[in-house]
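Analysis of the macromolecular model
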Amino acid sequence: MSPSDRAVLMSEPVAPQPACVRAAVSVRTWSELEFTAGRAEWQELLARSTANALFMSWAWQWRWWQLHRVALDAELNLLAAYSSDGRLVGLAPLIRHRARHRLGLRAERLEFLGTTFRGAGGTTFSEYLDFIIDRSCEAAVLGAFGAHLREDRTWSDLVFANTPTVGLAARLAQSEFEGQCYLRRQDRLTAYVLPLQGRFEDYLDALKPGIRRKVWNRRARHDAPTFRWAEPAEIGGLLERIERFQAARWGSHAAANMRPFHLGFAAAMAEEGALRLSVLARGGEPISVLYNIELDGTEYNLQSGFDPRVAALSPSYLHFGYCIEAAVGRGVRALDFLAGSGRNRAYKQDFGTEEVGLLTVQVIRAPWLAHLYRLYDGVPESVRVFCRAAGA
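My aim in this report is to walk through the structure given alongside it, one point at a time. (Residues numbered from 1 in each chain as written. Predicted model: local features only at pLDDT ≥ 70, side-chain atom pairs only at ≥ 80, totals over all residues. Heavy atoms only, no water.)

**A short note on the layout of surface pockets**
Looking at the largest pocket, its volume works out to about 1,200 Å³. Lining of the largest pocket is provided by 43 residues; of these, Q246, W250, S304, S341 and Y347 occupy positions nearest its centre. For the lining of the largest pocket, the element with the highest residue contribution is strand β11 (residues 298-306), accounting for six residues. Counted by class, the lining of the largest pocket contains 19 nonpolar, 18 polar and six charged residues. (1 Å grid on protein atoms, 1.4 Å probe; cavity = no way out; pocket = protein on both sides within 12 Å on 5 of 7 lines; lining within 4 Å. Points joined across faces, edges and corners; volume = space filled by probe spheres on them. Helix = DSSP H or I, 4+ residues; strand = E, 2+ residues; numbered from the N terminus. Nonpolar A, V, L, I, M, F, W, Y, C, P; charged D, E, K, R; others polar.)

**Remarks on the environment of E285**
Positionally, E285 belongs in strand β10 (residues 285-295). Apart from residues lying up to four places away in sequence, E285 is in contact with R241 and L280. (Contact = heavy atoms within 4.5 Å.)

**A closer look at the side chain of D336**
Mapped onto the elements, D336 comes out in strand β12 (residues 334-339). Of the side chains with opposite charge, K348 lies nearest to the buried D336, which makes no salt bridge, at 7.4 Å. Here D336 is in contact with Y128, A191, Y192, V193, T298, E299, Y300 and N301, once residues within four sequence places are set aside. (Buried < 20%, exposed > 50% of the residue type's maximum accessible area, 1.4 Å probe, protein only. Lys, Arg positive; Asp, Glu negative; His and termini not counted. Salt bridge = Lys/Arg side-chain N within 4 Å of Asp/Glu carboxyl O.)

**Some thoughts on the packing of helix α5 (residues 138-151) against helix α6 (residues 168-177)**
The interhelical angle for the contact between α5 and α6, taken along N-to-C directions, is 60 degrees, at an axis separation of 10 Å. What the angle tells us is that α5 and α6 run oblique. Between α5 and α6 lies a crossing of right-handed hand. Together, E138, L142, G143, F145, G146, L149 and R150 of α5 and L168, R171, L172, E176 and F177 of α6 make up the contact between the two elements. Here the contact of α5 with α6 is composed, by residue class, of six nonpolar, two polar and four charged. (Axes fitted to C-alpha atoms, helices over the stretch in contact; angles between N-to-C directions. Parallel < 35°, antiparallel > 145°, perpendicular 65-115°, else oblique. Left-handed = near helix turned anticlockwise from the far one by under 90°.)

**Comments concerning the pattern of salt bridges**
Applying the stated criterion across every chain yields a total of 24 salt bridges. With a closest N to O distance of 2.1 Å, E176 and R150 form a salt bridge. One end of the pair, E176, is in helix α6; the other, R150, is in helix α5, with 26 residues separating them in the sequence. Overall, E176 belongs to the buried group, its relative accessible area being 11%. Judged by relative accessible area, which is 28%, R150 ranks as partly exposed. Residues participating in the shared-partner salt-bridge network are R48, D85, R87 and D134.

**What to know about the environment of E272**
For E272, the position within the fold is in the loop between α10 (254-271) and β9 (275-282). E272 sits in the partly exposed class, given a relative accessible area of 43%. In sequence terms E272 and R218 are 54 residues apart; their C-alpha atoms lie 34 Å from each other.

Shown next, in the form of C-alpha coordinates:
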(Lines give C-alpha, C1' and ligand atoms only; values in the text may rest on other atoms or scores of the structure.)
Protein backbone atom coordinates (compact mmCIF):
# COMPACT_ATOMS: atom_id res chain seq x y z
CA MET A 1 0.00 0.00 0.00
CA SER A 2 1.36 3.39 -0.93
CA PRO A 3 1.84 6.05 1.78
CA SER A 4 -0.92 8.17 0.24
CA ASP A 5 -3.38 5.25 0.21
CA ARG A 6 -2.56 4.44 3.82
CA ALA A 7 -3.00 8.07 4.85
CA VAL A 8 -6.49 8.18 3.35
CA LEU A 9 -7.50 4.86 4.89
CA MET A 10 -6.23 5.95 8.29
CA SER A 11 -8.17 9.22 8.17
CA GLU A 12 -10.92 9.67 10.71
CA PRO A 13 -14.03 7.71 9.66
CA VAL A 14 -17.47 9.26 9.39
CA ALA A 15 -19.02 9.38 12.85
CA PRO A 16 -22.19 7.28 13.17
CA GLN A 17 -25.46 8.83 14.13
CA PRO A 18 -26.55 8.17 17.73
CA ALA A 19 -29.31 5.82 16.52
CA CYS A 20 -26.79 3.61 14.69
CA VAL A 21 -24.01 2.71 17.10
CA ARG A 22 -21.98 -0.43 16.68
CA ALA A 23 -23.55 -2.22 19.64
CA ALA A 24 -27.01 -1.65 18.17
CA VAL A 25 -26.18 -3.13 14.73
CA SER A 26 -27.04 -6.78 14.21
CA VAL A 27 -25.80 -8.92 11.33
CA ARG A 28 -27.40 -11.97 9.75
CA THR A 29 -27.19 -13.70 6.39
CA TRP A 30 -29.83 -13.34 3.70
CA SER A 31 -31.29 -16.48 2.18
CA GLU A 32 -31.59 -17.07 -1.56
CA LEU A 33 -35.28 -16.19 -1.29
CA GLU A 34 -34.55 -12.91 0.50
CA PHE A 35 -31.95 -12.03 -2.15
CA THR A 36 -34.39 -12.70 -4.98
CA ALA A 37 -37.21 -10.76 -3.31
CA GLY A 38 -35.03 -7.99 -1.91
CA ARG A 39 -34.60 -5.75 -4.92
CA ALA A 40 -36.54 -2.76 -3.56
CA GLU A 41 -34.88 -2.86 -0.14
CA TRP A 42 -31.45 -3.33 -1.75
CA GLN A 43 -31.87 -0.39 -4.10
CA GLU A 44 -33.19 1.87 -1.35
CA LEU A 45 -30.06 1.17 0.70
CA LEU A 46 -27.85 1.65 -2.35
CA ALA A 47 -29.31 5.15 -2.79
CA ARG A 48 -28.31 5.96 0.81
CA SER A 49 -24.75 4.70 0.33
CA THR A 50 -21.59 5.62 -1.54
CA ALA A 51 -21.48 2.24 -3.33
CA ASN A 52 -21.33 2.09 -7.10
CA ALA A 53 -24.75 2.41 -8.73
CA LEU A 54 -24.01 -0.10 -11.50
CA PHE A 55 -21.85 -2.92 -10.20
CA MET A 56 -23.40 -2.93 -6.73
CA SER A 57 -26.97 -2.75 -8.03
CA TRP A 58 -29.34 -5.60 -7.29
CA ALA A 59 -29.82 -6.23 -11.02
CA TRP A 60 -26.09 -6.74 -11.61
CA GLN A 61 -25.36 -8.73 -8.47
CA TRP A 62 -28.41 -10.96 -8.69
CA ARG A 63 -27.87 -11.79 -12.36
CA TRP A 64 -24.20 -12.54 -11.72
CA TRP A 65 -25.14 -14.97 -8.95
CA GLN A 66 -27.80 -16.70 -11.02
CA LEU A 67 -25.39 -17.20 -13.92
CA HIS A 68 -22.26 -18.35 -12.07
CA ARG A 69 -23.31 -20.07 -8.85
CA VAL A 70 -23.56 -23.59 -10.26
CA ALA A 71 -20.23 -23.56 -12.11
CA LEU A 72 -18.48 -22.19 -9.01
CA ASP A 73 -20.22 -24.68 -6.71
CA ALA A 74 -20.61 -21.69 -4.41
CA GLU A 75 -22.83 -20.87 -1.45
CA LEU A 76 -24.39 -17.45 -0.98
CA ASN A 77 -22.96 -15.62 2.05
CA LEU A 78 -24.81 -12.31 1.84
CA LEU A 79 -24.45 -10.42 5.12
CA ALA A 80 -27.18 -7.93 6.04
CA ALA A 81 -26.82 -5.40 8.85
CA TYR A 82 -29.82 -3.95 10.68
CA SER A 83 -30.15 -1.04 13.09
CA SER A 84 -31.96 -1.38 16.41
CA ASP A 85 -35.20 -0.16 14.81
CA GLY A 86 -35.05 -2.85 12.10
CA ARG A 87 -33.75 -0.70 9.22
CA LEU A 88 -31.46 -2.34 6.69
CA VAL A 89 -28.23 -0.31 7.00
CA GLY A 90 -25.64 -2.51 5.34
CA LEU A 91 -25.04 -5.32 2.85
CA ALA A 92 -21.85 -7.32 2.34
CA PRO A 93 -22.50 -9.44 -0.78
CA LEU A 94 -20.15 -12.42 -0.43
CA ILE A 95 -19.96 -15.98 -1.68
CA ARG A 96 -18.28 -19.00 -0.14
CA HIS A 97 -16.58 -21.75 -2.13
CA ARG A 98 -13.57 -24.07 -2.25
CA ALA A 99 -10.92 -22.07 -4.10
CA ARG A 100 -7.82 -23.43 -5.78
CA HIS A 101 -4.56 -22.02 -4.45
CA ARG A 102 -0.88 -22.47 -5.33
CA LEU A 103 0.32 -26.04 -5.94
CA GLY A 104 -3.26 -27.13 -6.54
CA LEU A 105 -4.25 -26.85 -2.87
CA ARG A 106 -7.84 -25.96 -2.05
CA ALA A 107 -9.32 -24.10 0.89
CA GLU A 108 -12.51 -22.33 1.92
CA ARG A 109 -12.71 -18.80 0.55
CA LEU A 110 -15.06 -15.89 1.09
CA GLU A 111 -15.06 -13.30 -1.69
CA PHE A 112 -17.18 -10.60 -3.19
CA LEU A 113 -20.21 -11.58 -5.18
CA GLY A 114 -19.63 -10.09 -8.63
CA THR A 115 -16.27 -11.47 -9.69
CA THR A 116 -13.75 -14.18 -8.85
CA PHE A 117 -10.12 -13.73 -7.87
CA ARG A 118 -8.17 -13.30 -11.11
CA GLY A 119 -11.10 -14.51 -13.18
CA ALA A 120 -11.15 -18.06 -11.85
CA GLY A 121 -13.96 -20.00 -13.49
CA GLY A 122 -14.36 -17.52 -16.35
CA THR A 123 -16.90 -15.37 -14.53
CA THR A 124 -18.20 -11.98 -15.64
CA PHE A 125 -15.82 -9.18 -14.63
CA SER A 126 -17.06 -6.50 -12.23
CA GLU A 127 -15.44 -3.33 -10.90
CA TYR A 128 -15.96 -0.97 -7.94
CA LEU A 129 -17.03 -3.86 -5.71
CA ASP A 130 -17.55 -2.84 -2.11
CA PHE A 131 -19.92 -2.97 0.84
CA ILE A 132 -23.25 -1.14 0.62
CA ILE A 133 -23.62 0.86 3.83
CA ASP A 134 -25.90 3.71 4.83
CA ARG A 135 -23.78 6.88 4.88
CA SER A 136 -25.12 7.82 8.31
CA CYS A 137 -23.52 4.84 10.08
CA GLU A 138 -20.58 3.56 8.05
CA ALA A 139 -18.26 3.12 11.04
CA ALA A 140 -20.82 1.20 13.10
CA VAL A 141 -21.74 -1.18 10.26
CA LEU A 142 -18.12 -1.72 9.26
CA GLY A 143 -17.33 -2.68 12.84
CA ALA A 144 -20.27 -5.09 12.93
CA PHE A 145 -19.24 -6.70 9.65
CA GLY A 146 -15.66 -6.99 10.90
CA ALA A 147 -16.74 -8.68 14.11
CA HIS A 148 -18.97 -11.10 12.18
CA LEU A 149 -16.16 -12.04 9.77
CA ARG A 150 -13.69 -12.54 12.61
CA GLU A 151 -16.10 -14.80 14.46
CA ASP A 152 -16.72 -16.92 11.35
CA ARG A 153 -13.93 -19.46 11.70
CA THR A 154 -14.80 -21.44 8.54
CA TRP A 155 -12.87 -19.40 5.95
CA SER A 156 -9.16 -19.61 5.17
CA ASP A 157 -8.92 -16.51 3.02
CA LEU A 158 -11.13 -13.50 2.30
CA VAL A 159 -10.85 -11.70 -1.06
CA PHE A 160 -12.10 -8.21 -1.86
CA ALA A 161 -11.42 -8.03 -5.61
CA ASN A 162 -11.53 -4.91 -7.80
CA THR A 163 -12.46 -2.71 -4.87
CA PRO A 164 -11.77 1.03 -4.58
CA THR A 165 -8.33 1.67 -3.10
CA VAL A 166 -9.85 3.90 -0.42
CA GLY A 167 -13.21 2.14 -0.21
CA LEU A 168 -14.98 0.55 2.73
CA ALA A 169 -13.74 -3.00 2.13
CA ALA A 170 -10.12 -1.84 1.96
CA ARG A 171 -10.68 0.08 5.20
CA LEU A 172 -12.17 -2.95 6.94
CA ALA A 173 -9.34 -5.23 5.83
CA GLN A 174 -6.81 -2.87 7.37
CA SER A 175 -8.66 -2.03 10.58
CA GLU A 176 -9.86 -5.55 11.40
CA PHE A 177 -7.14 -7.85 10.05
CA GLU A 178 -3.86 -5.94 9.69
CA GLY A 179 -1.27 -7.61 11.94
CA GLN A 180 -3.52 -10.61 12.63
CA CYS A 181 -3.62 -12.10 9.13
CA TYR A 182 -1.38 -11.96 6.07
CA LEU A 183 -2.73 -9.16 3.84
CA ARG A 184 -1.87 -9.08 0.16
CA ARG A 185 -2.66 -5.90 -1.79
CA GLN A 186 -2.26 -6.55 -5.48
CA ASP A 187 -3.71 -6.51 -8.99
CA ARG A 188 -3.99 -2.73 -9.02
CA LEU A 189 -6.19 -1.30 -11.75
CA THR A 190 -6.88 2.22 -12.96
CA ALA A 191 -10.36 3.28 -13.97
CA TYR A 192 -10.75 6.41 -16.10
CA VAL A 193 -13.62 8.79 -15.36
CA LEU A 194 -14.50 11.85 -17.44
CA PRO A 195 -16.30 14.59 -15.45
CA LEU A 196 -18.92 16.29 -17.59
CA GLN A 197 -19.42 19.93 -16.68
CA GLY A 198 -20.41 22.92 -18.75
CA ARG A 199 -20.92 22.92 -22.51
CA PHE A 200 -19.74 20.32 -25.00
CA GLU A 201 -17.99 23.11 -26.92
CA ASP A 202 -15.92 23.93 -23.83
CA TYR A 203 -14.97 20.28 -23.53
CA LEU A 204 -13.79 20.19 -27.14
CA ASP A 205 -11.75 23.35 -26.67
CA ALA A 206 -9.90 21.75 -23.76
CA LEU A 207 -8.80 18.72 -25.79
CA LYS A 208 -5.40 18.49 -27.42
CA PRO A 209 -5.64 19.40 -31.13
CA GLY A 210 -4.85 15.89 -32.30
CA ILE A 211 -7.53 14.36 -30.10
CA ARG A 212 -10.07 17.02 -31.04
CA ARG A 213 -9.60 16.12 -34.71
CA LYS A 214 -10.45 12.49 -33.94
CA VAL A 215 -13.37 13.26 -31.64
CA TRP A 216 -14.98 16.11 -33.58
CA ASN A 217 -13.37 17.40 -36.78
CA ARG A 218 -13.73 14.15 -38.70
CA ARG A 219 -17.50 14.48 -38.59
CA ALA A 220 -17.11 17.05 -41.38
CA ARG A 221 -15.53 14.61 -43.82
CA HIS A 222 -17.73 13.69 -46.75
CA ASP A 223 -17.28 9.98 -46.02
CA ALA A 224 -17.74 10.30 -42.25
CA PRO A 225 -19.74 7.46 -40.66
CA THR A 226 -23.14 8.21 -39.13
CA PHE A 227 -24.19 7.85 -35.50
CA ARG A 228 -27.44 6.32 -34.26
CA TRP A 229 -28.97 4.83 -31.14
CA ALA A 230 -29.77 1.14 -31.32
CA GLU A 231 -33.14 -0.46 -30.62
CA PRO A 232 -33.61 -3.10 -27.89
CA ALA A 233 -34.27 -5.70 -30.60
CA GLU A 234 -30.68 -5.21 -31.77
CA ILE A 235 -29.04 -6.07 -28.45
CA GLY A 236 -28.10 -9.64 -29.32
CA GLY A 237 -26.76 -8.85 -32.75
CA LEU A 238 -24.74 -5.84 -31.64
CA LEU A 239 -23.17 -7.60 -28.65
CA GLU A 240 -22.14 -10.35 -31.05
CA ARG A 241 -20.75 -7.69 -33.37
CA ILE A 242 -18.59 -6.35 -30.52
CA GLU A 243 -17.27 -9.86 -29.95
CA ARG A 244 -16.33 -10.20 -33.60
CA PHE A 245 -14.63 -6.80 -33.63
CA GLN A 246 -12.64 -7.64 -30.51
CA ALA A 247 -11.68 -11.08 -31.77
CA ALA A 248 -10.42 -9.60 -35.05
CA ARG A 249 -8.43 -6.92 -33.22
CA TRP A 250 -7.12 -8.84 -30.23
CA GLY A 251 -7.20 -12.42 -31.45
CA SER A 252 -9.36 -13.32 -28.47
CA HIS A 253 -12.94 -14.36 -27.96
CA ALA A 254 -13.03 -13.29 -24.30
CA ALA A 255 -16.14 -11.15 -24.80
CA ALA A 256 -18.10 -14.22 -25.89
CA ASN A 257 -17.81 -15.64 -22.36
CA MET A 258 -19.70 -12.63 -21.01
CA ARG A 259 -22.47 -12.62 -23.61
CA PRO A 260 -25.02 -14.69 -21.61
CA PHE A 261 -24.76 -12.23 -18.72
CA HIS A 262 -24.93 -9.08 -20.81
CA LEU A 263 -27.78 -10.26 -23.03
CA GLY A 264 -30.03 -10.42 -20.00
CA PHE A 265 -28.60 -7.40 -18.25
CA ALA A 266 -28.79 -5.12 -21.30
CA ALA A 267 -32.41 -6.16 -21.88
CA ALA A 268 -33.25 -5.39 -18.25
CA MET A 269 -31.56 -1.98 -18.49
CA ALA A 270 -33.46 -1.25 -21.71
CA GLU A 271 -36.72 -1.81 -19.84
CA GLU A 272 -35.60 0.68 -17.20
CA GLY A 273 -34.54 3.24 -19.81
CA ALA A 274 -30.87 2.98 -18.75
CA LEU A 275 -29.42 1.28 -21.84
CA ARG A 276 -27.24 3.46 -24.07
CA LEU A 277 -26.39 1.16 -26.97
CA SER A 278 -25.18 3.00 -30.06
CA VAL A 279 -23.74 2.36 -33.50
CA LEU A 280 -21.40 4.18 -35.82
CA ALA A 281 -22.09 3.01 -39.35
CA ARG A 282 -20.78 3.56 -42.85
CA GLY A 283 -22.85 2.53 -45.80
CA GLY A 284 -25.36 1.06 -43.40
CA GLU A 285 -22.76 -1.31 -41.94
CA PRO A 286 -21.69 -0.93 -38.27
CA ILE A 287 -18.02 -0.08 -37.88
CA SER A 288 -18.17 0.72 -34.15
CA VAL A 289 -20.49 -0.33 -31.34
CA LEU A 290 -20.63 1.13 -27.82
CA TYR A 291 -22.55 -0.66 -25.07
CA ASN A 292 -23.13 1.87 -22.28
CA ILE A 293 -25.39 2.03 -19.23
CA GLU A 294 -26.52 5.25 -17.54
CA LEU A 295 -27.35 5.11 -13.84
CA ASP A 296 -27.48 7.76 -11.13
CA GLY A 297 -25.93 10.48 -13.29
CA THR A 298 -23.02 8.42 -14.59
CA GLU A 299 -22.72 6.69 -17.95
CA TYR A 300 -20.58 3.54 -17.96
CA ASN A 301 -18.87 2.12 -21.03
CA LEU A 302 -19.20 -1.63 -20.45
CA GLN A 303 -18.04 -2.86 -23.84
CA SER A 304 -16.90 -1.41 -27.13
CA GLY A 305 -15.49 -2.61 -30.40
CA PHE A 306 -14.68 -1.32 -33.83
CA ASP A 307 -13.82 -2.80 -37.20
CA PRO A 308 -9.99 -2.95 -37.31
CA ARG A 309 -10.13 -2.58 -41.10
CA VAL A 310 -11.12 1.09 -40.65
CA ALA A 311 -8.73 1.85 -37.80
CA ALA A 312 -7.27 4.79 -39.73
CA LEU A 313 -10.58 6.63 -39.24
CA SER A 314 -10.23 6.35 -35.44
CA PRO A 315 -13.88 5.23 -35.25
CA SER A 316 -13.82 4.70 -31.48
CA TYR A 317 -12.73 8.32 -30.83
CA LEU A 318 -15.41 9.65 -33.16
CA HIS A 319 -18.02 7.38 -31.60
CA PHE A 320 -17.13 8.42 -28.05
CA GLY A 321 -17.37 12.03 -29.19
CA TYR A 322 -21.00 11.54 -30.16
CA CYS A 323 -21.74 9.77 -26.86
CA ILE A 324 -20.05 12.48 -24.81
CA GLU A 325 -22.02 15.19 -26.63
CA ALA A 326 -25.28 13.33 -26.02
CA ALA A 327 -24.43 12.72 -22.37
CA VAL A 328 -23.71 16.42 -21.82
CA GLY A 329 -27.05 17.23 -23.42
CA ARG A 330 -28.85 14.90 -21.00
CA GLY A 331 -27.09 16.41 -17.99
CA VAL A 332 -25.00 13.34 -17.21
CA ARG A 333 -22.35 14.17 -14.62
CA ALA A 334 -19.63 11.71 -15.69
CA LEU A 335 -18.67 9.14 -18.31
CA ASP A 336 -16.83 6.21 -16.76
CA PHE A 337 -14.56 4.37 -19.19
CA LEU A 338 -13.83 1.82 -16.44
CA ALA A 339 -10.49 0.05 -16.07
CA GLY A 340 -8.27 -1.26 -18.82
CA SER A 341 -6.03 0.22 -21.45
CA GLY A 342 -5.73 0.07 -25.20
CA ARG A 343 -3.64 -2.30 -27.22
CA ASN A 344 -0.55 -0.11 -27.16
CA ARG A 345 -1.29 2.71 -24.72
CA ALA A 346 -3.75 4.08 -22.16
CA TYR A 347 -5.91 5.82 -24.78
CA LYS A 348 -8.63 6.64 -22.25
CA GLN A 349 -6.42 9.40 -20.91
CA ASP A 350 -6.83 11.24 -24.21
CA PHE A 351 -10.42 12.20 -23.36
CA GLY A 352 -9.43 14.29 -20.33
CA THR A 353 -10.29 11.64 -17.78
CA GLU A 354 -9.38 11.42 -14.11
CA GLU A 355 -7.89 8.26 -12.62
CA VAL A 356 -9.55 6.16 -9.92
CA GLY A 357 -7.56 3.40 -8.23
CA LEU A 358 -8.84 -0.15 -7.69
CA LEU A 359 -7.06 -3.10 -6.13
CA THR A 360 -7.59 -6.59 -4.77
CA VAL A 361 -7.11 -7.21 -1.06
CA GLN A 362 -6.58 -10.82 0.01
CA VAL A 363 -6.83 -11.53 3.74
CA ILE A 364 -5.20 -14.90 4.50
CA ARG A 365 -6.03 -16.31 7.92
CA ALA A 366 -5.10 -20.01 7.75
CA PRO A 367 -1.45 -20.23 8.98
CA TRP A 368 -0.43 -22.86 6.44
CA LEU A 369 -1.92 -20.84 3.58
CA ALA A 370 -0.33 -17.60 4.80
CA HIS A 371 3.05 -19.36 4.97
CA LEU A 372 2.62 -20.65 1.43
CA TYR A 373 1.85 -17.16 0.06
CA ARG A 374 4.65 -15.52 2.02
CA LEU A 375 7.07 -17.93 0.39
CA TYR A 376 5.53 -17.28 -3.02
CA ASP A 377 5.59 -13.50 -2.59
CA GLY A 378 9.22 -13.66 -1.52
CA VAL A 379 10.55 -15.22 -4.73
CA PRO A 380 11.67 -13.15 -7.74
CA GLU A 381 8.96 -12.05 -10.19
CA SER A 382 10.56 -14.09 -12.99
CA VAL A 383 10.05 -17.27 -10.97
CA ARG A 384 6.46 -16.31 -10.17
CA VAL A 385 5.75 -15.77 -13.87
CA PHE A 386 7.06 -19.26 -14.54
CA CYS A 387 4.91 -20.69 -11.76
CA ARG A 388 1.79 -19.00 -13.10
CA ALA A 389 2.52 -20.27 -16.60
CA ALA A 390 2.93 -23.78 -15.18
CA GLY A 391 -0.39 -23.46 -13.37
CA ALA A 392 1.16 -23.58 -9.90
